[in-house]
Amino acid sequence: MFIDEVDIYVQAGTGGSGCKSFRHIRDAKKRKPNGGDGGQGGHVIIKADPGIYTLREFRYKKNIKAPSGGRGGSNNKTGRDGEDVYLSVPPGTFVINADNSLIVRDLTYINEEVIVARGGRGGRGNIRHENAEPGKLGESIHLHLDLKLIADVGLVGFPNAGKSSLISCISKAKPKIAAYPFTTKAPILGIVEFDEKEFKIADIPGLIEGAHSGSGLGDRFLRHIERTRILAFVIDLAGVDGRKPWDDFFSLKNELMLYNKELNDKPYIILANKIDLVAAKENVKVFKDKIEEPFSMISCKDKTNIDKFLKRVIGLLG
Ligand SMILES: Nc1nc2c(ncn2[C@@H]2O[C@H](COP(=O)(O)OP(=O)(O)OP(=O)(O)O)[C@@H](O)[C@H]2O)c(=O)[nH]1
Ligand SMILES: [Mg+2]
């Protein structure tokens with residue numbers, strides 16, 4: 001299951017208590033304090049891990065607590081520090097303070113990390129302070145984690161248009177491909193290597209008219225193309241499912257606009273797919289007349305013009 005939003009509660013470790021102890025001397029009046037400090041409580045740290053793609057791990061792990069610091073000991077022994085707890089999330093995760101909705105950090109870089117709750121300081125032992133102190137409480141916070149995948153290119157299209165076929169022929173991603181709609185139910189990221197360059201491409205579940213208001217799988221996955229630099233519209237030029245390819249193109253643009261106007265400002269490439277089919281060839285002229293802008297004819301099946309598409313992407317990404 002693809003999970004892209006979760007609420008969690010994190011609590012850093014409490015500092016260890018300072019120790020109260022005295023060096024044993026026969027004359028009680030002369031005895032000297034020698035209690036050591038408590039250890040620091042563990043922090044809770046969130047880290048962007050490129051090997052992780054969803055927030056699924058937090059479905060059942062919603063309360064996270066870091067260990068406390070150890071108590072100080074006699075002979076000025078400092079307690080051990082509580083170990084930090086690392087939570088791994090996919091790059092592209094917004095860490096948000098759920099109480100005031102402020103963004104704590106937008107974790108975009110690989111291995112980027114943020115301390116979301118600091119461990120409490122250990123209490124001073126009586127060697128440094130007249131009375132040994134208790135450790136300080138660790139910080140705690142309610143967080144909302146919100147994943148928006150980061151890819152260079154986002155594939156947008158109706159179900160069955162061939163988005164997954166495209167990503168599987170240009171990257172190592174191997175999503176399920178089938179002749180029925182909504183085969184893809186969760187976003188998939190693929191890494192494309194071409195001309196000694198590399199870019200990331202995201203395949204999201206198919207959109208249908210009314211997606212912005214919840215039809216089909218709705219707008220749930222559109223968030224994952226918000227951060228892409230380029231969009232690629234994948235159109236079934238053969239109209240295998242009985243729709244007109246030009247209608248598909250205008251509907252898709254409209255859905256994106258209704259979802260978020262800024263998506264319309266992104267550069268895009270139009271891929272008219274399935275050109276190997278006779279019906280697609282028959283539709284070329286009308287498609288050209290109706291949409292009045294450049295498009296590329298491709299076939300994921302025969303790999304026609306796929307390299308040209310990749311060259312264009314590399315060119316646009318700069
Ligand atoms: N003839 C032909 N069939 C294609 C081509 N590209 C994809 N298909 C077929 O179209 C069907 C749908 O392909 P998918 O790649 O699963 O389509 P999708 O856009 O990912 O579909 P959803 O995941 O449902 O949104 C499959 O049966 C593919 O084999 C093509 O270039 N030519
Ligand atoms: Mg698919």
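Residues numbered from 1 in each chain as written. Chains lettered and ligands numbered in written order. Predicted model: local features only at pLDDT ≥ 70, side-chain atom pairs only at ≥ 80, totals over all residues. Heavy atoms only, no water.

### Some remarks on the layout of surface pockets
The computed volume of the largest pocket comes to approximately 460 Å³. If you go around the largest pocket, you meet 28 residues; those closest to its centre are Asn160, Gly162, Ser165, Ala178 and Lys274. Per element, the largest residue contribution to the lining of the largest pocket is 3 residues, and it comes from helix 1 (residues 163-170). Of the residues that constitute the lining of the largest pocket, the class distribution is 11 nonpolar, 9 polar and 8 charged. Reported here for the second largest pocket is a volume of approximately 170 Å³. (1 Å grid on protein atoms, 1.4 Å probe; cavity = no way out; pocket = protein on both sides within 12 Å on 5 of 7 lines; lining within 4 Å. Points joined across faces, edges and corners; volume = space filled by probe spheres on them. Helix = DSSP H or I, 4+ residues; strand = E, 2+ residues; numbered from the N terminus. Nonpolar A, V, L, I, M, F, W, Y, C, P; charged D, E, K, R; others polar.)

### Some thoughts on the domain arrangement of the protein
Taken domain by domain, the protein comprises domain 1 (1-147) and domain 2 (153-317). Computed over C-alpha atoms only, the centres of domain 1 and domain 2 are separated by 45 Å. Listed by partner, the interface residues are 11 residues for domain 1 and 8 residues for domain 2. With both chains or domains summed, domain 1 and domain 2 bury close to 700 Å², and 43% of this area falls on carbon and sulfur atoms. Across the domain 1-domain 2 interface, the total number found is 4 salt bridges. At the boundary of domain 1 with domain 2, the tally comes to 7 residue pairs in polar contact (both at pLDDT 80 or more). Split into classes, the residues belonging to the side of domain 1 that touches domain 2 amount to 4 nonpolar, 3 polar and 4 charged. (Domains from an automatic or database assignment. Contact = heavy atoms within 4.5 Å. Buried area = accessible area lost by both parts, 1.4 Å probe. Salt bridge = Lys/Arg side-chain N within 4 Å of Asp/Glu carboxyl O. Polar contact = N/O pair within 3.5 Å; in protein donor to acceptor, adjacent residues only side chain to side chain.)

### Examining empty space enclosed by the protein
Empty space among the atoms can be located by rolling a probe the size of a water molecule over them. A complete count under the given rule lists 1 cavity of 30 Å³ or more for this structure. One number sums up the size of the largest cavity: a volume of about 30 Å³. Lining the largest cavity, in full, are Leu231, Phe233, Lys253, Leu256, Leu263, Asn264 and Tyr268. Counting only elements with at least two residues in the lining of the largest cavity, the list comes to strand 12 (230-236) and helix 2 (245-259). Of the residues in the lining of the largest cavity, the class split is 5 nonpolar, 1 polar and 1 charged.

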